Amino acid sequence: MNIQLIRRTAMQVYVKLAEILKFPCFIQMELTTRCNLMCKMCEHNRMAGGGVVNFEKFKQLFDAIIKANPLSRIFPKAMFFDLTGIGENLMNKEFLKIIKYMKSKNVTITFATNATLLTEEISKVLIKNRIDLMFISIDGATKKTYEKIRKGANFDKVKENIIQFTKLKEKLKRNKPKLMIRFLASNWNVEEMPMMIDLAKELGVNGMSITNMNTSPKEEYLKANKERFNELAKIAKEEGKKEGLEIDIGFSKKRPINQCNRAKNSMNITCEGFVLPCCFINQGGQYKEIKEKYNFGNVWETNIKKIWNSKAYKKFRKDIKKGLAPGICKDCYLYYPIK
């Protein structure tokens, strides 16, 4: 199974649906900017305090999204929600209530977690509500490396939480959520990438998503060496295949910006309600400045469908198709302008 091909095909379908329906089917939502860790590379370290989206506020927005897309009433599973942002979702005390409500509408849900706060009770809710996909952020195969990067986390406890989760899935005879380790490679941990396959097997997860660190130009030194990353990612992919694991390698080189389907078929909504084109801008060291300067509107103030169909947002998508890089995308680590 070619994961990259399936992903690209799905993205193209979502782009076409967004054009026909005049609203995207892929929504990224940040439910909190609070986190219990201080990871060395995270944008969260540059932020003071943190906010949450409470259930009532979320429900109002979610219902507006469902109403805005006619496909949701015919084929709700096509509505894809990625509940990922700067914060740790489980720091939002109403997170479980939120996902229960979402799943009552039969939409597709994925989110990322650091797994430090997973308990048996929380795990049961996630499993019984059939969350579709969970990414677990683990940036080291050894205790020393992991705890150096993910400050405040206990490697052994995180492993215990994940193993408990996978055993609970077996006990409840459920195949969801699908569990994927998310490994962010850097110059701190890149040499441990192949070792992550053994860890993934030990934890009983379905696979691993591997990407090189995204940084602002002034923090390029944090990235893993490109050649070494590619070399070790190839080894990890081959070893993972032998173990029956799904290994997804992120882009290793930039592509023309007119190939950026994410900009054409999705929107990212921050905890404050700002609408941005994608989540990747929160990984370059300028998140606060960018979301305040380049947002297309605020969902707490303006109807979300009006924002998507506003002149500014339409122009943004047209510029992307033409190969132009709007201001918000000028430092994108994935795509380059062709005009």
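Parameters at a glance
- Residues numbered from 1 in each chain as written.
- Predicted model: local features only at pLDDT ≥ 70, side-chain atom pairs only at ≥ 80, totals over all residues.
- Heavy atoms only, no water.
- Salt bridge = Lys/Arg side-chain N within 4 Å of Asp/Glu carboxyl O.
- Helix = DSSP H or I, 4+ residues; strand = E, 2+ residues; numbered from the N terminus.
- Buried < 20%, exposed > 50% of the residue type's maximum accessible area, 1.4 Å probe, protein only.
- Core = buried A, V, L, I, M, F, W, Y, C linked by side-chain atoms within 4.5 Å.
- Contact = heavy atoms within 4.5 Å.
- Pairing = 2+ DSSP bridges.
- Right-handed = clockwise from strand over helix to strand, strands pointing away.

Novice: What is the right way to look at the pattern of salt bridges in this model?
Specialist: Working definition: two side chains of opposite charge can pair if their charged atoms are close together. For the coordinates displayed, the defined rule picks out 19 salt bridges. Across the salt bridge formed by K77 and D132, the nearest N and O atoms sit 2.9 Å from each other. A residue pair is termed long-range when its members are at least 10 positions apart, and K77 in the loop between α3 (71-74) and β2 (80-82) and D132 in the loop between α5 (120-128) and β4 (133-137) qualify at 55 residues. Its relative accessible area of 32% is what places K77 among the partly exposed residues. Under the relative-accessibility criterion, D132 is labelled buried at 12%. The structure contains a network of salt bridges with shared partners spanning K77, K103, D132 and K176.

Novice: What should I look at first to understand the nonpolar core in this one?
Specialist: The tendency in soluble globular proteins is for nonpolar side chains to be buried as a group. Counting 103 residues, the largest nonpolar core has I65, F81, L83, L126, M193 and I269 as its most contacted members. In terms of residue count, helix α2 (residues 55-68) provides more of this core than any other element does, seven residues in total. Sequence-distant contacts of M193, defined by excluding residues within four places in its chain, comprise F183, A185, M208, I210, F229, L232, A233 and A236.

Novice: Mind showing me how you'd approach the pairing of strand β5 (residues 178-185) here?
Specialist: Consecutive side chains of a regular strand alternate in pointing toward one face of the sheet and then the other. As defined by bridge partners, β4 adjoins β5 across five bridges and the pair is classed as parallel. Within β5, the residue paired with F135 across the bridge is M180. Pairing of β5 with strand β6 (residues 207-212), which is carried by six bridges, proceeds in the parallel orientation. Looking at the pairing, R182 lines up with S209 of β6. Crossover β5 to β6 through helix α8 (residues 195-203) is right-handed.

Novice: What am I meant to see in α5 here?
Specialist: Residues that lie three or four places apart on an α-helix share one face, since the helix turns once every 3.6 residues. The set of residues buried in α5 consists of I122, S123, V125, L126 and I127. Where α5 is buried, its residues contact α4 (95-104), β3 (108-113), β4 and α7 (155-171). One or two steps after α5, the chain reaches R130, where phi turns positive at roughly 55°.

Novice: Whenever I open this one, the sheet that holds strand β7 (residues 246-249) confuses me. Can you help?
Specialist: Working definition: the strands of a sheet are paired by backbone hydrogen bonds and lie parallel or antiparallel to each other. Ordered by their spatial adjacency, nine strands build an open sheet running β7-β6-β5-β4-β3-β2-β1-β9-β10, and the pairing between neighbours is mixed. The sheet is open, and its two borders are formed by β7 and β10 (275-276), each paired with just one other strand. Here β3 pairs with β4 via four bridges, running parallel. What sits directly across from T113, in β4, is I136.

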